[in-house]
Amino acid sequence: ETGVTQSPTHLIKTRGQQVTLRCSSQSGHNTVSWYQQALGQGPQFIFQYYREEENGRGNFPPRFSGLQFPNYSSELNVNALELDDSALYLCASSLDSVSTDTQYFGPGTRLTVL
Amino acid sequence: EDQVTQSPEALRLQEGESSSLNCSYTVSGLRGLFWYRQDPGKGPEFLFTLYSAGEEKEKERLKATLTKKESFLHITAPKPEDSATYLCACARGGSEKLVFGKGTKLTVNP
């Protein structure tokens, strides 16, 4: 057990809708990173938050946004859902924002867009 | 652009049959290489971090090694419970993200 939790476990939405996914990091971990994992692929970096500020972003459009709260929880919001957004969404927490810090992953949220 | 390539894509072994998984990388200024294990529908589980060429780490039946261009995950006398997808990821200095390979799906038959 990594101490990283995510909710919900599964979610079904229709194209054009908006979704919010939630993550609770390990206590004391100041950094949360979000990844998208399509079937049969490795995780792709969406963005990272460090002490409630966005600290870096991958090649994802602005309709992917996030928040990090002081209580080690965070959110990933996706607007105007597209079919290709169907994937496993993973959050990972780490002590610091340095890339060499070990990132501990949660169990993921499986999003299906119809 | 940073790239991580894992091979083979899939590997089927008999219980007790040792083998190696490969992770080759093209990452400018590598600062760390990570191995994770992922079971179907679950999040990746951390296994090892390697920081410099020549470094080796072991855990039970697994041993990870690192050179300047690639890393190997050696599995000695695997058991069916070692069946999973093994992911390799690289961290570049000055970057906050991990760059993952597509993974190797390992199946160990009893």
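Since the structure is predicted, the reported quantities are computational estimates derived from the model, not experimental observations.

1. Some details on the overall build of chain A
Part 1 of the reasoning: Counting its secondary structure elements, chain A contains zero helices and eleven strands.
Part 2 of the reasoning: Along chain A, from the amino end to the carboxyl end, the secondary structure elements read β-β-β-β-β-β-β-β-β-β-β.
Part 3 of the reasoning: By principal-axis analysis of the C-alpha atoms, chain A measures approximately 35 × 30 × 25 Å.
Part 4 of the reasoning: The buried share of chain A, taken over its 114 residues, is 50%.
Part 5 of the reasoning: Within chain A, contacts between residues at least 6 apart in sequence are counted, and of these 55% link residues at least 24 apart.
Part 6 of the reasoning: Carbon and sulfur atoms provide 48% of the accessible area of chain A, an area that totals close to 5,300 Å².

2. Comments concerning the overall build of chain B
Part 1 of the reasoning: Along its length, chain B carries zero helices and eleven strands.
Part 2 of the reasoning: Counting from the amino terminus, chain B carries its helices and strands in the arrangement β-β-β-β-β-β-β-β-β-β-β.
Part 3 of the reasoning: In summary, chain B has a C-alpha radius of gyration of 13 Å against a globular reference of 13 Å for 110 residues, a match within 12%.
Part 4 of the reasoning: With respect to the three principal axes, the spread of C-alpha positions in chain B is 45 × 30 × 20 Å.

3. Some details on the interface of chain A and chain B
Part 1 of the reasoning: With 23 residues of chain A at the interface, the matching set in chain B holds 22 residues.
Part 2 of the reasoning: Across the interface of chain A and chain B, roughly 1,700 Å² is buried in total on both sides, 58% from carbon and sulfur atoms.
Part 3 of the reasoning: Applying the counting rule to chain A against chain B returns four residue pairs in polar contact (both at pLDDT 80 or more).
Part 4 of the reasoning: Elements with a contribution of two residues or more to the side of chain A that touches chain B: strand E4 (31-37), strand E5 (44-50), strand E6 (53-57), strand E9 (87-94) and strand E10 (104-105) of chain A.
Part 5 of the reasoning: Ranked by residue count, the leading element in the side of chain A that touches chain B is E6 of chain A, at three residues.

4. Side note on unusual backbone geometry
Part 1 of the reasoning: Cis geometry is found at the peptide bond from Ser7 of chain A to Pro8 of chain A, where omega equals -10°.
Part 2 of the reasoning: Position of Pro8 of chain A among the secondary structure elements: in the loop between strand E1 (5-7) and strand E2 (10-13).
Part 3 of the reasoning: The amide bond that connects Ser7 of chain B to the next residue, Pro8 of chain B, takes the cis arrangement and shows omega of -10°.
Part 4 of the reasoning: Secondary-structure assignment places Pro8 of chain B in the loop between strand E1 (3-7) and strand E2 (10-14).
Part 5 of the reasoning: A positive phi angle is found at Arg51 of chain A, which is not glycine, with a value near 45°.
Part 6 of the reasoning: Looking at the element boundaries, Arg51 of chain A is found in the loop between E5 and E6.
Part 7 of the reasoning: Positioned with a positive phi, Ala80 of chain A is a non-glycine residue whose angle comes to about 45°.
Part 8 of the reasoning: Tracing the backbone through its elements, the reader meets Ala80 of chain A in the loop between strand E8 (73-78) and E9.
Part 9 of the reasoning: A relative accessible area of 43% means that Ala80 of chain A is categorised as partly exposed.

5. What to know about the nonpolar core
Part 1 of the reasoning: Membership of the largest hydrophobic core comes to 25 residues, with the highest contact counts inside it found for Tyr25, Leu33, Trp35, Leu73 and Tyr86 of chain B.
Part 2 of the reasoning: If you list the elements that add at least two residues to this core, you get E2, strand E3 (19-26), strand E4 (30-38), strand E5 (45-50), strand E7 (62-66), strand E8 (70-75), strand E9 (84-92) and strand E11 (104-109) of chain B.
Part 3 of the reasoning: Here this core gets four residues from one element, more than from any other, and that element is E9 of chain B.
Part 4 of the reasoning: Residue contacts for Tyr25 of chain B: discarding those within four places in its chain leaves Gln3, Val4, Leu30, Leu33, Leu66, Thr67, Lys68, Lys69, Glu70 and Cys90 of chain B.
Part 5 of the reasoning: In this structure, Leu21, Ile46, Phe47 and Ala87 of chain A belong to the second largest nonpolar core, which totals 20 residues.

6. Some remarks on the state of the cysteines
All names here are of chain A.
Part 1 of the reasoning: Considering all chains together, one arrives at two disulfides over all chains under this definition.
Part 2 of the reasoning: Two residues, Cys23 and Cys91, share a disulfide whose sulfurs are 2.0 Å apart. Between Cys23 and Cys91 the disulfide shows an S-S torsion of about 75°. By sign, it is right-handed. One end of the pair, Cys23, is in strand E3 (residues 19-24); the other, Cys91, is in strand E9, with 68 residues separating them in the sequence.
Part 3 of the reasoning: Residue classification places Cys91 among the buried residues on the basis of a relative accessible area of 0%.

7. Overview of the sheet that holds E3 of chain A
All names here are of chain A.
Part 1 of the reasoning: One open sheet holds the four strands; their spatial order is E1-E3-E8-E7, and the pairing between them is antiparallel. Each edge of the sheet is formed by a strand with only one pairing partner; in this case those strands are E1 and strand E7 (64-68). Between one strand axis and the next, the sheet turns through 20° on average, direction left out of account.
Part 2 of the reasoning: Bridge count for E3 against E8 is six bridges, and the pairing is antiparallel. Looking at the pairing, Cys23 lines up with Ser74 of E8.

Thresholds, definitions, all that
Residues numbered from 1 in each chain as written. Chains lettered and ligands numbered in written order. Predicted model: local features only at pLDDT ≥ 70, side-chain atom pairs only at ≥ 80, totals over all residues. Heavy atoms only, no water. Helix = DSSP H or I, 4+ residues; strand = E, 2+ residues; numbered from the N terminus. Buried < 20%, exposed > 50% of the residue type's maximum accessible area, 1.4 Å probe, protein only. Contact = heavy atoms within 4.5 Å. Areas by Shrake-Rupley, 256 points an atom, 1.4 Å probe, with all protein chains shown as cover. Rg over C-alpha atoms; globule rule 2.2 N^0.38 Å. Buried area = accessible area lost by both parts, 1.4 Å probe. Polar contact = N/O pair within 3.5 Å; in protein donor to acceptor, adjacent residues only side chain to side chain. Core = buried A, V, L, I, M, F, W, Y, C linked by side-chain atoms within 4.5 Å. Disulfide = S-S within 2.5 Å. Pairing = 2+ DSSP bridges. Axes fitted to C-alpha atoms, helices over the stretch in contact; angles between N-to-C directions.

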